[in-house]
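Report on the structure
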Amino acid sequence: MSRVILVGEPMALFIAEEQGTLDKVTTFKRSAAGAEMNVAIGLKRLEHEVCYITKLGKDPFGKYLIDFLNKEGIDTSKICFDDHYPTAFQLKAKTDEGDPDVAYYRNGSAASNISVDDVDELDMEGFDHFHLTGIFPAISESSRSTLLYLIEKAKNNGLTTSFDPNLRPSLWKDKKQMVEIINKIAFRCDTVLPGIGEGKILTGYEHERDIANFYLSKGVKNVVIKMGPQGAYVKTQTEEKYVDGYKVEKVIDTVGAGDGFAVGVLSGLLEKEPIENCVDRGNAIGAIQVMHASDNEGLPTRDELFTFMKNK
């Protein structure tokens, strides 16, 4: 299997165990969250070797996240700690349908204070792939500079790259800045994974084919557009496919579905599967994820994934 490296901000996650607004809830279950971390866990459960880069505070949340990642088998040797800034955390409400309310506590976090100096001696030799999202460059200028530095290092070391825009408008100064920087990053990557709504914001085009052509014209090799329950659309320089989604018995929580989708697509690409098979995997894991409350609890093993796919 392949060796993958990711960079991001993991957070301690507290999921409400009773319904109601977050200010009224009294009982929470602790877990862990973070888009890139979810992808790391998903790829590891599919038997790829995964290394995660971040900066954590020297606090109970930081210790918890290191233990959490280690138990998942993630390589945490590249994670550094900060004496002054805290580890981020978030609260998530409980809901029977739709997206739950979420409150983030990440301003001034350790991860937002990561710098190029923290990763300057990182050796990417021996790795095959680098995955990133649009969240990490949004949390601070220093995290943005660090991510851009890592992209160039990955490309110089011959790694393939993938990018999930994962737009978070509230983290950016304005829409113009968000679009410019997200696209600057996307143009440097081999595979781009926007949602259909994100694609419209980032390109100005309404149709998935036009969105894909926009990125392909900038040198991107694979554009995979998430289209919700309908599945996904993929276009490369030589292929174009619509891939149907999977039936979901009951939607529990949509948070993390896009990360699960990325896991499926990337694992297929790393295993040299045809692009249609890669997207089919993405649709499958996205469907599995929405049937679980945790951001990463439902991410399947290989046996669990292929069993689910057989029953499509």
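Placed above this text is the structure.
Read on for an overview of the structure.

What counts and what doesn't
- One numbering rule holds for all chains: residues counted from 1, following each sequence as written.
- Owing to the predicted nature of the model, reporting of local features is limited to residues with pLDDT of at least 70; listing and counting of side-chain atom pairs is limited to 80 or more, with chain, interface and lining totals taken over all residues.
- Water and hydrogen atoms were dropped before computing side-chain values, which therefore reflect all heavy atoms in the structure.
- Whenever Lys or Arg places a side-chain nitrogen within 4 Å of a carboxyl oxygen from Asp or Glu, that contact is recorded as a salt bridge.
- For the purposes of this entry, the term helix denotes a DSSP run of H or I that reaches at least four residues, the term strand denotes a run of E that reaches at least two, and both are numbered from the N terminus.
- Residue exposure (1.4 Å probe, protein chains only): buried if accessible area is under 20% of the type maximum, exposed if over 50%, otherwise partly exposed.
- Here a polar contact is recorded for every N or O atom pair within 3.5 Å, except that within protein the pair must consist of a potential hydrogen donor and a potential acceptor, and residues adjacent in sequence are included only if both atoms are side-chain atoms.
- Whether two residues are in contact is decided by their heavy atoms, any of which lying within 4.5 Å being enough.
- The rule for pairing is simple: two strands pair if DSSP sees at least two bridges between them.
- Note on terminology: a nonpolar core comprises buried Ala, Val, Leu, Ile, Met, Phe, Trp, Tyr and Cys residues joined through side-chain atoms within 4.5 Å.
- Under this scheme, a helix contributes an axis fitted over its contacting stretch, all axes are lines through C-alpha atoms, and angles between N-to-C directions fall in the 0 to 180 degree range.

In the structure shown here, the tally under the stated rule is 16 salt bridges. The closest approach of N and O atoms between Arg106 and Glu9, which form a salt bridge, is 2.9 Å. Within this pair, whereas Arg106 is found in the loop between β8 (102–105) and α3 (116–119), its partner Glu9 is found in the loop between β1 (3–7) and β2 (11–19), the two being separated by 97 residues in sequence. Taken individually, Arg106 and Glu9 each receive the classification buried, so the pair is uniform in this respect. With a shortest N-O distance of 3.7 Å, Lys200 and Glu206 are connected by a salt bridge. Judged by relative accessible area, Lys200 falls into the partly exposed class, the value being 34%. Given the relative accessible area of 59%, Glu206 is considered exposed. Linked through salt bridges whose partners overlap, the residues forming this network are Lys55, Asp82 and Asp118.

With respect to the helices and strands, the residue Glu271 is situated in the loop between α8 (257–270) and α9 (275–289). At 2.7 Å, the side chain of Glu271 forms a polar contact with the side chain of Arg281. The residues contacting Glu271, other than those within four sequence positions of it, are Met1, Leu46, His48, Arg281 and Arg302.

Moving on, we get to the pairing of strand β4 (residues 49–53). In terms of burial, β4 is largely enclosed, as four of its five residues are buried. Pairing between β1 and β4: five bridges, direction parallel. Counterpart to Val4 in the pairing with β4 is Val50.

Within the largest apolar cluster, 42 residues are counted, with the highest numbers of intra-cluster contacts made by Ile5, Phe130, Leu132, Leu150, Ile185 and Tyr215. Listing elements by their share of this core, those giving two or more residues are β1, β4, β9 (129–133), α4 (141–156), α5 (175–186), α7 (208–216) and β12 (222–226). Of all the elements, α5 adds the most residues to this core, at six residues. When near neighbours in sequence (up to four residues on either side) are disregarded, Leu132 contacts Leu147, Ile151, Ser162, Phe163, Asp164, Ile185 and Cys189.

Moving on, we come to the sheet that holds strand β3 (residues 28–33). Strand order across the open sheet formed by four strands is β3-β2-β7-β8, with mixed pairing between neighbours. Of all strands in the sheet, those with a lone pairing partner are β3 and β8, marking the two edges. The sheet shows a mean angle of 20 degrees between the axes of neighbouring strands, direction not considered. Against the sheet, helix α2 (residues 60–71) touches β2, β3 and β7 (89–94), its axis set at about 65 degrees to β3.

This part covers the sheet that holds strand β13 (residues 231–236). Ordered in space as β4-β1-β9-β10-β11-β12-β13-β14, the eight strands form an open sheet in which the pairing is mixed. The strands lining the two open edges of the sheet, one partner per strand, are β4 and β14 (240–244). Bridge count between β9 and strand β10 (residues 160–164): five bridges; the pairing is parallel. Following the sheet pairing, Phe130 is matched in β10 by Thr161. Strand contacts of α8: β1, β9, β10, β11 (191–192), β12 and β13, with the helix running at about 150 degrees to β12, the strand carrying the most contacts. Sheet strands in contact with α9 are β12, β13 and β14, and its direction is about 30 degrees off that of β14.

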